[in-house]
There are 2 protein chains.
Amino acid sequence: MQQSQNYYLCRMASVKPSVPKGMRDFSPAEMVKRNYIFDTIKSVFRKYGYQQIETPTMENSATLMGKYGDEGDRLIFKVLNSGDYLSDHQLYSQTMRLIANGGNKDSSNADLALNPLSDPIKEDRAQHLLSINQITPRISEKALRYDLTVPFARYVVQHQNEITFPFKRFQVQPVWRADRPQKGRYREFYQCDADVVGSDSLLNEAEFILIYDEALTKLGLTDFTIKINNRKILAGIAEIIGKPELIVDMTVAIDKLDKIGLDGVVNELLTKGFTQEDIDRLEPVILLEGANAEKLDKLKTILASSDIGLKGIAELEVIFTYLQSFSLQKATVELDITLARGLNYYTGAIFEVKTNETYMGSIGGGGRYDDLTGMFGLKGLTGAGISFGADRIYDVLEELKLFPEASNQTTKVLIVPFDSAAEAYALPLLQQLRTSGINAELYPAGAKIKKQLDYANNKNIPYVVVIGSDEVQSGQLTFKNMQSGEQQKVGFGEILEAVK
Amino acid sequence: MQQSQNYYLCRMASVKPSVPKGMRDFSPAEMVKRNYIFDTIKSVFRKYGYQQIETPTMENSATLMGKYGDEGDRLIFKVLNSGDYLSDHQLYSQTMRLIANGGNKDSSNADLALNPLSDPIKEDRAQHLLSINQITPRISEKALRYDLTVPFARYVVQHQNEITFPFKRFQVQPVWRADRPQKGRYREFYQCDADVVGSDSLLNEAEFILIYDEALTKLGLTDFTIKINNRKILAGIAEIIGKPELIVDMTVAIDKLDKIGLDGVVNELLTKGFTQEDIDRLEPVILLEGANAEKLDKLKTILASSDIGLKGIAELEVIFTYLQSFSLQKATVELDITLARGLNYYTGAIFEVKTNETYMGSIGGGGRYDDLTGMFGLKGLTGAGISFGADRIYDVLEELKLFPEASNQTTKVLIVPFDSAAEAYALPLLQQLRTSGINAELYPAGAKIKKQLDYANNKNIPYVVVIGSDEVQSGQLTFKNMQSGEQQKVGFGEILEAVK
């Protein structure tokens, strides 16, 4: 092992310490703000009966692979088996032959997997990559969670006999994706999900809207829209224009209406196999305007001949009826027929949340999926869930200056002693502040007063108590408000009252 | 990619979903208890001016490797590079040659690294492993954090220009170790650390004792001991018996006094190069009894000729003086000359915490280290820190039944409607409960009452409101206390008051 240590130590000397690309440290100031967001959302989840779980950072690769499509699989971080991960003889042979030919661009082909003892053969690049894909699962059996949904499905199946259904769970944990990092896209980021499984009541959907409304209102947003649609309505639309098999292409195209406009959508549809006649029938549907009730009325006429379409409308009506019994705080709920969001996944309601106070794409989304746990062999469990985009919400609150000034997470009072005698005098006062539940610090004696006040400023500590020999004698302490700069001489009792 | 998916899908069908060995799911009930512990400790850290940071799950391997000794390096989980991690030609050749000979137990030797183009050579097992160690850093450049201390040191060096010193930070995040799992030892577990860097004031040490006292008292422990020692005293002892170079062997041996008794310690010392004469001088020191002040007095005599020993005593005296200005709640502080804990790391105070209410080894520990950030090139920053053993504290609280019955993290009221009419009646009441800050749920109409009450029982919901057609007509609702089984008919206003 000495060898490998030296390897790293040699590299280290020249390398400034850093974090892997696409990953972040969070400073104390950032953590206060992030905790504010997460704590707010968690408290609302709990208010609606959702319970927290946590799953391990690593899952068996078999749990994750094949669940996110080819592109997703590629982005999953794989963990190298510990110990001698190349100790398997067959694996040796196979990897050897792969590697022997990896650099060779000749394209003669061969079956690598089945005959590890044959002579090394040449292979082309695609074959090389295919072989990498055969080797990877043998040197890596664990991977980092890619989202919270698949681990949740695994959890439900694994613990089905301990769980009381309907099971309402929330989960706030980081996930990892080997995506190319860019502004606002990280390789490690927190997801913030609430899901219910085992209940088909549309009350769940209505409550998700209440959760968004309450959490975002609590965070200080005053104008945001919760868009809602239903996959069955999209299926109905594809049905009435006679192209049910093109539902995915259709929804992918109309989902872009915001971004590429009507002409763009029409052009895309034409390339995907829709005729001008189809588009003429589609156009009034996707341009539907008016209040939600009006839209639903018009849709009832348009989709009159589609059972599935009418079922989608009926579901939305139940949700809207539920919402009439509740009152929303700041949210606007808008039926948006163009909303699709990962259509292959959702089977009923689809949600997406946008703030109207600044431009920031989606800050949340979700929907109903009828067969979440089927992938692990447990059929027939319906579920629905939502997610908050914590990083984007952070940026919104920052931009709109909505983070609260004061926080119970930071120090409220700093005691600044001139010397050791003042420090000794201050110790019981320090403890009294803390016993009263106040976050308080004493700067150890010996530092210049200026340095101590800088410390208070940099840590955003609102109150400072300065104690020198005069103060020790008189008991009248210098109490300074760091924001206003005001200071006065008062007794400790008064200070205690003021900062409580 | 299809290939690798099929590989996994084939395996999946026969595999019951599970988590990797040594890793855990946390159920809602466990999360409530874990949050209770973490929230309590965090609130105390904050009260003493410590600020939270988070670092990424993955660090560059260069940041971690070589910091934990050979054994530690081996236990670090390494993350496979994403994409074609075997695309480097030289790496191909080298890995090929390694693999070609990996299964061969012949022990002829060769330089693998320097001449990748020579004919494949035979190598023995040790050579094989050495070569694995050369390949690993080339197919894996990132690794999972092994503790919170090294990432913290990296953080301090990387962000030194943004940080105000003294920097008091706490961090509560999981770490990963590829250790053999066993009872109470996991491959993923949370660490819970507070450290200060850039202050040599012994007030920090005194405050760590206050933090332990306050946090563990808050958690309900009533009898626990904070043991304290000082590395300089251990150095002084090694010095006065004339074996300063054997300080590590000496402390490793006397650290086991609790477990193997005096005879065991003496035998170990004899095998490590200590003479009977050394041991005769050592024995009275390690068997030192009495109050802390008495022990210090005796040590002053014993270590009179050792400057470093006397310095250690002086430091302890300052800490004890600080503690006289504060009052401790439930902790006993005990000077324990046999306490060592990772001696090579600490340079001043050493702490360890044990509960006396049940047998559970150490539930916390820490100390002062003079050169934490030196490993990343920033010299001369002194630091001190402590850690809480969250998993062990969990087991202690469970055993002593100290977890609180009620929690604001769970649902307080479940509304149980007989039918849709009752459900509709209940919706505004549900919202009123929530508006009053009460965690409340409504079980969607349609389920049998028995099932709904089971749901309340299984979720530990203390209050249930049953609403049928009678209740809708009279406005007198059936209000049931699930613990006592009592139920009465009351108006909603009364219910609201009762559960607040």
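Conventions used here
Residues numbered from 1 in each chain as written. Chains lettered and ligands numbered in written order. Predicted model: local features only at pLDDT ≥ 70, side-chain atom pairs only at ≥ 80, totals over all residues. Heavy atoms only, no water. Helix = DSSP H or I, 4+ residues; strand = E, 2+ residues; numbered from the N terminus. Buried < 20%, exposed > 50% of the residue type's maximum accessible area, 1.4 Å probe, protein only. Least-squares fit on C-alpha atoms with pLDDT ≥ 70 in both. Contact = heavy atoms within 4.5 Å. Polar contact = N/O pair within 3.5 Å; in protein donor to acceptor, adjacent residues only side chain to side chain. Buried area = accessible area lost by both parts, 1.4 Å probe. Salt bridge = Lys/Arg side-chain N within 4 Å of Asp/Glu carboxyl O. Axes fitted to C-alpha atoms, helices over the stretch in contact; angles between N-to-C directions. Parallel < 35°, antiparallel > 145°, perpendicular 65-115°, else oblique. Pairing = 2+ DSSP bridges. pLDDT = per-residue confidence, 0-100. Left-handed = near helix turned anticlockwise from the far one by under 90°. Core = buried A, V, L, I, M, F, W, Y, C linked by side-chain atoms within 4.5 Å. Lys, Arg positive; Asp, Glu negative; His and termini not counted.

*Asks:* Would you mind going over unusual backbone geometry with me for this structure?
*Replies:* Trans peptide bonds make up most of the peptide bonds, and negative phi angles are found at most residues other than glycine. All names here are of chain A. The omega torsion of the bond from Phe165 to Pro166 falls at -5°, within 30 degrees of zero and hence cis. Tracing the sequence through the fold places Pro166 in the loop between α7 (149-158) and β5 (167-176). Look at Lys401: it is not a glycine, yet its phi comes out positive at around 50°. Looking at Lys401, the relative accessible area reads 73%, which means it is exposed. The residue Asn460 is not glycine, and still its phi comes out positive at about 60°. Note that Asn460 resides in the loop between α17 (449-458) and β14 (463-467). Given the relative accessible area of 63%, Asn460 is considered exposed.

*Asks:* What is the right way to read the relation of the copies chain B and chain A from this model?
*Replies:* To go from the first copy of the chain to the second, apply a rotation about an axis and then a shift along the same axis. The transformation that overlays chain B on chain A combines an axial shift of 0.0 Å with a rotation of 180°, and the residual RMSD is 0.0 Å. This pairing of chains is accounted for by a two-fold axis. When the interface residues of chain B are mapped onto chain A, 100% of them are again interface residues, pointing to one common binding face.

*Asks:* Where do I start with the environment of Lys47(B) in this structure?
*Replies:* With respect to the helices, strands and loops of the structure, Lys47(B) is situated in helix α2 (residues 28-47). As for Lys47(B) and Ile211(B), which are separated by 164 residues in sequence, their C-alpha atoms are 8.9 Å apart. The residues contacting Lys47(B), other than those within four sequence positions of it, are Arg434(A), Gly437(A), Ile438(A), Asn439(A), Ala440(A) and Glu214(B). At 2.8 Å, the side chain of Lys47(B) and the side chain of Glu214(B) are in polar contact.

*Asks:* Explanation requested: the interface of chain B and chain A in the structure shown.
*Replies:* Think of interface size as the accessible area that goes away when the parts come together; that is how it is often given. Listed by partner, the interface residues are 124 residues for chain B and 124 residues for chain A. Here chain B and chain A share an interface that buries about 11200 Å² over both sides, 60% of which is from carbon and sulfur atoms. For the pair chain B and chain A, the interface holds six salt bridges. The closest approach of N and O atoms between Glu207(A) and Arg434(B), which form a salt bridge, is 3.0 Å. For the pair chain B and chain A, the number of links is 32 residue pairs in polar contact (both at pLDDT 80 or more).

*Asks:* How should the pattern of salt bridges be read in this particular structure?
*Replies:* Where charged atoms from two side chains of opposite charge approach closely, those side chains can pair. Residue and element names in this part refer to chain A. Taken as a whole and assessed by the stated rule, the structure comprises 54 salt bridges over all chains. A salt bridge links Asp278 to Lys243; its shortest N-O distance comes to 2.4 Å. With Asp278 in helix α12 (residues 276-286) and Lys243 in the loop between α9 (231-240) and α10 (247-254), the pair connects residues that are 35 residues apart, well separated along the chain. As far as burial versus exposure is concerned, Asp278 and Lys243 are alike and both buried.

*Asks:* In this structure, what is going on with the packing of helix α10 (residues 247-254) of chain B against helix α11 (residues 257-271) of chain B? I would like to understand it.
*Replies:* A pair of packed helices is captured by two measures, namely the crossing angle of their axes and the spacing between those axes. Residues and elements named next belong to chain B. Orientation of α10 relative to α11, taken along the N-to-C sense of each, is 140°, at an axis distance of 8 Å. One way to sum up the angle between α10 and α11 is to call them oblique. Residue-level inspection shows Asp249, Met250, Val252, Ala253 and Ile254 of α10 in contact with α11, the latter providing Leu257, Val265, Glu268 and Leu269.

*Asks:* I'm lost on the pairing of β14(A) in this one. Help?
*Replies:* For a regular strand, the rule is simple: side chains alternate between the two faces of the sheet. Residue and element names in this part refer to chain A. β14 sits mainly inside the fold: five of its five residues count as buried. Because side chains alternate across β14, one face comprises the buried residues Tyr463, Val465 and Ile467, and the other comprises Val464 and Val466, equally buried. Note that strand β12 (residues 413-417) and β14 share five bridges and pair parallel. By the bridge assignment for β14, Ile415 is matched with Val465. Looking at chain direction, β14 and strand β15 (residues 477-481) are connected through four bridges and run antiparallel. Within β15, the position partnered with Val465 by the bridge is Phe479.

*Asks:* Would you mind showing me how to read the confidence of the model for chain A here?
*Replies:* Detailed conclusions should not be drawn from predicted coordinates in areas where pLDDT is low. Residue and element names in this part refer to chain A. On average, residues of chain A carry a pLDDT of 88, and 87% of them reach 70 or more. Note on residues 1-14: pLDDT under 50 across the span, and 22 contacts to partners over four residues away in sequence or across chains. Low confidence marks residues 102-123, where pLDDT is under 50. Its contacts with residues over four positions away, or in another chain, come to 43 contacts.

*Asks:* Help me out: how do you make sense of α9(A) in this one?
*Replies:* All names here are of chain A. Most of α9 is tucked away, with eight of its ten residues classed as buried. Against the buried residues of α9 lie β7 (224-230), α10, α12, α13 (292-302), α14 (307-325) and β9 (349-355). For α9, the N-terminal cap is Asn230; the gap from its side-chain oxygen to the backbone nitrogen of Lys232 is 2.8 Å. Phi for Gly242, located one or two positions after α9, is positive at around 80°.

*Asks:* Honestly, the sheet that holds strand β7 (residues 224-230) of chain B in this entry has me stumped. Any pointers?
*Replies:* By way of backbone hydrogen bonds, the strands of a sheet pair with one another, either parallel or antiparallel. Residue and element names in this part refer to chain B. Spatial strand order, β1-β5-β6-β11-β10-β9-β7-β8: eight strands in an open sheet with mixed pairing. Edge strands, defined here as strands with exactly one partner in the open sheet, are β1 (51-52) and β8 (331-335). Direction of pairing for strand β6 (residues 188-197) relative to strand β11 (residues 383-388): antiparallel, over a ladder of six bridges. Among the inter-strand pairings, Ala194 is bridged to a residue of β11, identified as Ile386. In the packing of α2 onto the sheet, the strands contacted are β1, β5 (167-176), β6 and β11, and the crossing angle to β6 comes to about 5°.

*Asks:* Which parts of the structure should I look at to understand the packing of helix α11 (residues 257-271) of chain A against α12(A)?
*Replies:* Residues and elements named next belong to chain A. Two elements in contact, α11 and α12, have axes whose closest approach is 9 Å; the angle formed by their N-to-C orientations is 155°. In terms of orientation, α11 and α12 fall into the roughly antiparallel class. Handedness of the α11/α12 crossing: right-handed. Facing Leu257, Leu262, Val265, Val266, Leu269 and Leu270 of α11, the residues of α12 in contact are Gln276, Ile279, Leu282, Glu283 and Ile286.

*Asks:* Sorry if this is basic, but what is going on with the sheet that holds strand β13 (residues 440-442) of chain B here?
*Replies:* All names here are of chain B. Taken together, the five strands give an open sheet; going across it, the order is β13-β12-β14-β15-β16, and neighbouring strands pair in mixed fashion. If you trace the sheet from one side to the other, it starts and ends with β13 and β16 (487-490), each paired once. Going across the sheet, the axis of each strand differs from the next one's by a mean of 25°, ignoring polarity. Note: strand β15 (residues 477-481) against β16, four bridges, orientation antiparallel. Among the inter-strand pairings, Thr478 is bridged to a residue of β16, identified as Lys489. Across the sheet, helix α16 (residues 420-435) touches β12 (413-417), β13, β14 (463-467) and β15, and the angle it forms with β13 is around 170°. Its contacts with the sheet put helix α19 (residues 492-499) on β12, β14, β15 and β16, and the angle it makes with β15 is roughly 20°.

*Asks:* Would you explain the nonpolar core in this entry?
*Replies:* Within soluble globular proteins, side chains that are nonpolar tend to cluster in buried spots. One finds Phe45(B), Leu216(B) and Phe388(B) to be the most contacted residues of the largest nonpolar core, which totals 124 residues. No other element matches the nine residues that helix α8 (residues 203-218) of chain B contributes to this core. Beyond its immediate chain neighbours, meaning those up to four positions away, Phe388(B) contacts Ile41(B), Phe45(B), Cys192(B), Ile211(B), Tyr212(B), Ala215(B), Leu216(B), Ile363(B), Gly364(B) and Ile393(B). Counting 123 residues, the second-largest nonpolar core is a separate cluster that includes Val196(A), Leu219(A), Ile233(A) and Val490(B).

*Asks:* In this structure, what is going on with the environment of Ile308(A)? I would like to understand it.
*Replies:* Residue and element names in this part refer to chain A. Structurally, Ile308 can be placed in helix α14. The exposure class assigned to Ile308 is partly exposed, which follows from its relative accessible area of 33%. In this structure the C-alpha to C-alpha distance between Ile308 and Ile237, which are 71 residues apart in sequence, comes to 9.4 Å. When neighbours within four sequence positions are excluded, Ile308 is seen to be in contact with Lys232, Ala235, Gly236 and Glu239.

*Asks:* Would you mind going over the side chain of Lys142(B) with me for this structure?
*Replies:* Mapped onto the secondary structure, Lys142(B) falls in strand β4 (residues 142-144). Glu141(B) is the oppositely charged side chain nearest to the buried, salt-bridge-free Lys142(B), at an N-O distance of 5.7 Å.

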